[in-house]
Amino acid sequence: NMDNAVHVPEIDSEEAGQVIEQGMQVEHQRFGLGEVVQIEGANANKKAVVNFDGVGEKQLLLKYAKLKILNQ
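Report follows, based on the coordinates. Computed from a predicted model, the values in this text were never measured in an experiment. (Residues numbered from 1 in each chain as written. Predicted model: local features only at pLDDT ≥ 70, side-chain atom pairs only at ≥ 80, totals over all residues. Heavy atoms only, no water.)

1. Quick notes on the pattern of salt bridges
A complete count under the given rule lists 1 salt bridge for this structure. A salt bridge links E27 to K68; the nearest nitrogen and oxygen atoms lie 3.8 Å apart. Placement of the pair is E27 in strand β1 (residues 25-28) and K68 in strand β5 (residues 68-69), with a sequence separation of 41 residues. By relative accessible area, E27 is classed as partly exposed at 31%. (Salt bridge = Lys/Arg side-chain N within 4 Å of Asp/Glu carboxyl O. Helix = DSSP H or I, 4+ residues; strand = E, 2+ residues; numbered from the N terminus. Buried < 20%, exposed > 50% of the residue type's maximum accessible area, 1.4 Å probe, protein only.)

2. Some thoughts on the nonpolar core
Counting residues in each nonpolar core, the largest one holds 12 residues, listed as I20, M24, V26, F31, V36, A48, V50, F52, L60, L62, A65 and L67. Only β3 (47-52) and α1 (62-65) provide two or more residues apiece to this core. Looking at which element gives the most residues to this core, the answer is β3, with 3 residues. (Core = buried A, V, L, I, M, F, W, Y, C linked by side-chain atoms within 4.5 Å.)

3. Quick look at the sheet that holds β3
Whether parallel or antiparallel, the strands of a sheet pair through hydrogen bonds between backbone atoms. Across the sheet, which stays open at both edges, the 5 strands sit in the order β4-β3-β2-β1-β5 with antiparallel pairing between neighbours. In the strand order of this sheet, the two ends are held by β4 (56-61) and β5, each with one partner. With 6 bridges connecting them, β3 and β4 associate as antiparallel partners. Bridge pairing links N51 to E57 in β4. (Pairing = 2+ DSSP bridges.)

And the structure:
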């Protein structure tokens, strides 16, 4: 009976070893380059407050933001 099989949650970019943390330089396809000011929430609701150059602070849901971490 496979009904009791453990369902592994879908792996998102964070699970793949890409952990976004405060102080990191990141790139967003629309807002450009920025620095992570703060991380809030957890798991699917995890948000990053990023201060983008020339744009200002934006609060982004990491699940959808697809932020690219730049080498420090």
